[in-house]
Amino acid sequence: MQTNKQVLTNMIVKESKIVAIFCLLILSLSSAAFAEDKVCFEAREGASSVTQKDIGEELKNVRCSDTTDGVLWWGDPFDGTQPMGDMPIEADYTHGEAVVKPRTTQLGLYPVCGLACHNGKFPPPVAADAPPRKLTMHTDLVPDALNLQHGKGGIWCLDCHDAKTRNKFVDNAGNLVDFNEPQKMCGKCHGQVYRAWRDGIHGKRIGEWASTGKKRWFVCTECHNPHDVQQGERKSGFAQLVPEPAPLLPKGMDNADHERHGSGH
Amino acid sequence: MTDHKLPIVYDNEKAAPDDDKAAPDSMSRRGFVKKVGDVSATSLLGTAALMTNTDDAEANTEWAEWFQGNYRLMSQEEKAAAVARLERRYSAEYDKKVTVDSTPAEKGVLFGYALNIQKCIGCRRCAKACVEENNQSRGDQEIEWIRVLKMEKGDFDASKMPDGYPDSYGIQVGGNAYSASGVVLEGEHYYEPEKVPEEDAFYMPIQCMQCEKPPCVKVCPVRTTYREPDGIVVVDYNWCIGCRMCIGACPYWARRFNWGEPKLPKKDMNPKTHYLGNRPRMKGVVEKCTFCVQRTRKGRYPACVEVCPVGARKFGNLLDPDSEVRRVLATKKVFRLKAEANTYPKFFYYMD
């Protein structure tokens, strides 16, 4: 943020000082507004962020927990969504309007992927069947590429990411899949879960309960971190969360020792 | 109708919201009843009508509320009037435009709920979302309709259902005095680990099961709690006398009592309310989950369904085979809590 601001102002200074001052003013104003906006997360901490804002009189897009920053309540379940697109497999699923939140807005590298990087020249492209190797890049996402926390050693980056068009995934038929439709890619290995998701049993939807109603579907990556579904020892696809505070103790009781197993019994 | 109604009003001091504080003593029901003595019912109503000519808007609505009938027995016009009265009072009280909805049950709809006990991670977001939505009391008068119980893995084992007496501590859930099921239902309410789920624990959220045969409805002496045609069990708070018989009758510990004056800060108040749902309550009345009647009758999922980060909560129309609940019932291992109590809950627990 800070560095961007400086770069921008430096550029502008060359043009005209007055414009620069004006821009600086706007920038500082907007960053002041930023500071006040509360950022919460929906299901996956750090990867399903939403900024609280007013969407009407007395109405916020989300209300969040003061203790965990988790979203507790949606003022408008369809805020920031777009149509989901077709299901790859035609079947008997709900026929109401389906919308999703785009994933690409949550991804820091997406804007440069396929342009500055993986553009066919830089870095040198690899073959789709290139064997797993140690990586020096993306260690923040995948600390140890040779011990990918997904698929128990059986899968590799290019089973999901297309080798040539890196800002797309690839399905079993070699079709490119958009980052906003990860289900079409995940579904190629997780058919059963995918079908349950399509039926509304796996995952979740918010909006209208009627089977013909409009719903926002949560896509796979809004809950699962594709690069870490094993979580080491935990072996669980869903990362642990900080719980909301415990309920109020009954009047006259100052601790809950009575219910702690192993102490009272 | 008015004949049987009034004695209840006379006896009931608990149900008065802030009896002596909200209105000056001369205006409070207690004071009023003292003065009026045994005047006939009709003249009482006449007095109420006269009172509406005074300037104090709040006092007027309070007054009229004391004389309104049981919501279930009101005509459409009476309901409309009651709702308009409340909208005026709440809007003044909470400094915002409050709506009190009275949408009736939709034909062909029977609400049902399913919760995946294997997925639940015990994060308690459902309990907090419920408070955001349903205008429960906050702070030292905190009320939550949903309780999440932490159980040790192994405490609950469906395959042990037909076994003998529970070999562990806790409360026996299944069977009867002669043949127990071997299931214990004892959980921790107040667990506070850094992160959930904890190892070797599973979590069991409990809330109103919206029973088809609700024991709470059977015991209510004033019939202020009753089953609606879409299957939810509701409370007309204005008619509740605070006797708490329903709390004792509920096998699921789903009902809560306003022991004190509810504390609902203006900024936290959710202005979209339903008469039978999340409108602000008063001291001395019982409240509980209604599957968010104010939302569900307008088509929207209950707040707890939407907030669950793991998607463990499913909701829909039990009469619609395409609904999410029906799909769960058709494809998953399902059980109901304390099924032997013959309450026929419409809240199902399931496993993958």
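Residues numbered from 1 in each chain as written. Chains lettered and ligands numbered in written order. Predicted model: local features only at pLDDT ≥ 70, side-chain atom pairs only at ≥ 80, totals over all residues. Heavy atoms only, no water.

## Quick look at a nonpolar patch on the surface
Reasoning step 1: Side chains of Leu109(A), Val112(A) and Leu141(A) sit close together on the surface and give an oily, nonpolar patch of about 240 Å² of accessible area.
Reasoning step 2: Here Leu109(A) shows up in the loop between β8 (98–100) and α3 (157–160). (Patch = residues over 30% accessible without salt bridge, like charges linked within 9 Å, V, L, I, M, F, W, Y side chains within 5 Å. Areas by Shrake-Rupley, 256 points an atom, 1.4 Å probe, with all protein chains shown as cover. Salt bridge = Lys/Arg side-chain N within 4 Å of Asp/Glu carboxyl O. Helix = DSSP H or I, 4+ residues; strand = E, 2+ residues; numbered from the N terminus.)

## Some details on the domain arrangement of chain B
Where interface size is quoted, it is often the accessible area lost as the parts come together.
Residues and elements named next belong to chain B.
Reasoning step 1: The domain boundaries assigned to chain B delineate domain 1 (37–97) and domain 2 (111–146 + 207–351).
Reasoning step 2: With 15 residues of domain 1 at the contact, the number on the domain 2 side is 16 residues.
Reasoning step 3: Carbon and sulfur atoms supply 57% of the area buried between domain 1 and domain 2, which totals about 1,500 Å² over both sides.
Reasoning step 4: Three residues stand out in domain 1 for area buried against domain 2, namely Tyr71, Arg72 and Tyr94, and they jointly supply 39% of the buried area on that side.
Reasoning step 5: On the surface where domain 1 and domain 2 come into contact, there are one salt bridge.
Reasoning step 6: Two residues, aspartate 95 and lysine 266, come together in a salt bridge whose shortest N-O distance is 3.3 Å.
Reasoning step 7: At the boundary of domain 1 and domain 2, one finds ten residue pairs in polar contact (both at pLDDT 80 or more).
Reasoning step 8: By residue number, the principal contributor to the side of domain 1 that touches domain 2 is helix α6 (residues 76–94), which donates five residues.
Reasoning step 9: Classifying every residue of the side of domain 1 that touches domain 2 by side-chain character gives six nonpolar, three polar and six charged. (Domains from an automatic or database assignment. Contact = heavy atoms within 4.5 Å. Buried area = accessible area lost by both parts, 1.4 Å probe. Polar contact = N/O pair within 3.5 Å; in protein donor to acceptor, adjacent residues only side chain to side chain. Nonpolar A, V, L, I, M, F, W, Y, C, P; charged D, E, K, R; others polar.)

## Focus on the domain arrangement of chain A
All names here are of chain A.
Reasoning step 1: When its domains are assigned, chain A resolves into domain 1 (2–74) and domain 2 (77–235).
Reasoning step 2: The interface is formed by eleven residues belonging to domain 1 together with 15 residues belonging to domain 2.
Reasoning step 3: Taken over both partners, the interface formed by domain 1 and domain 2 buries close to 960 Å², and the fraction arising from carbon and sulfur atoms is 44%.
Reasoning step 4: When residues of domain 1 are sorted by the area they lose upon contact with domain 2, Glu42, Arg44 and Trp74 head the list and together hold 57% of the total.
Reasoning step 5: Run the count over domain 1 and domain 2 and you get three salt bridges.
Reasoning step 6: We note a salt bridge from glutamate 42 to arginine 216, for which the minimum N-O separation is 2.7 Å.
Reasoning step 7: In this structure, the connection of domain 1 to domain 2 is made through eight residue pairs in polar contact (both at pLDDT 80 or more).

## Some words on the interface of chain B and chain A
Reasoning step 1: Listed per partner, the contact involves 62 residues of chain B and 49 residues of chain A.
Reasoning step 2: Here chain B packs against chain A, burying approximately 4,800 Å² in sum over the two surfaces, 52% of which is carbon and sulfur.
Reasoning step 3: The largest share of the area that chain B buries against chain A comes from Arg125(B), Tyr190(B) and Arg327(B), three residues that together contribute 17% of it.
Reasoning step 4: On inspection of chain B and its partner chain A, the count reaches four salt bridges.
Reasoning step 5: Here Glu324(B) ties to Lys215(A) by a salt bridge, and the two come within 3.5 Å at their closest N and O atoms.
Reasoning step 6: Linking chain B with chain A are 22 residue pairs in polar contact (both at pLDDT 80 or more).
Reasoning step 7: Where the side of chain B that touches chain A is concerned, the elements lending two or more residues are α7 (125–134), β3 (147–152), α10 (293–296), α11 (303–307), β10 (313–317) and α12 (324–331) of chain B.

## Let's talk about unusual backbone geometry
Reasoning step 1: Omega for the bond connecting Phe122(A) with Pro123(A) falls within 30 degrees of zero, at -20°, which places this linkage in the cis form.
Reasoning step 2: By secondary structure assignment, the location of Pro123(A) is in the loop between β8 and α3.
Reasoning step 3: At the junction of Val196(B) and Pro197(B), the peptide bond is cis and its omega measures out at -5° in the coordinates.
Reasoning step 4: Of note, Pro197(B) is situated in the loop between β3 and β4 (201–206).
Reasoning step 5: The phi dihedral of Arg124(B) is positive, around 65°, even though this residue is not glycine.

## Comments concerning the confidence of the model for chain B
Residue and element names in this part refer to chain B.
Reasoning step 1: Averaged over every residue, the pLDDT of chain B is 81; residues scoring 70 or more account for 73%.
Reasoning step 2: Scored below 50 in pLDDT, residues 1–55 makes 73 contacts in the model with residues more than four places away or belonging to other chains.
Reasoning step 3: Across residues 165–170 the pLDDT falls below 50, and counting only partners more than four positions away or on other chains, this stretch makes 16 contacts in the model.
Reasoning step 4: Both confidence scores are given for the complex: pTM 0.85, ipTM 0.84. (pLDDT = per-residue confidence, 0-100.)

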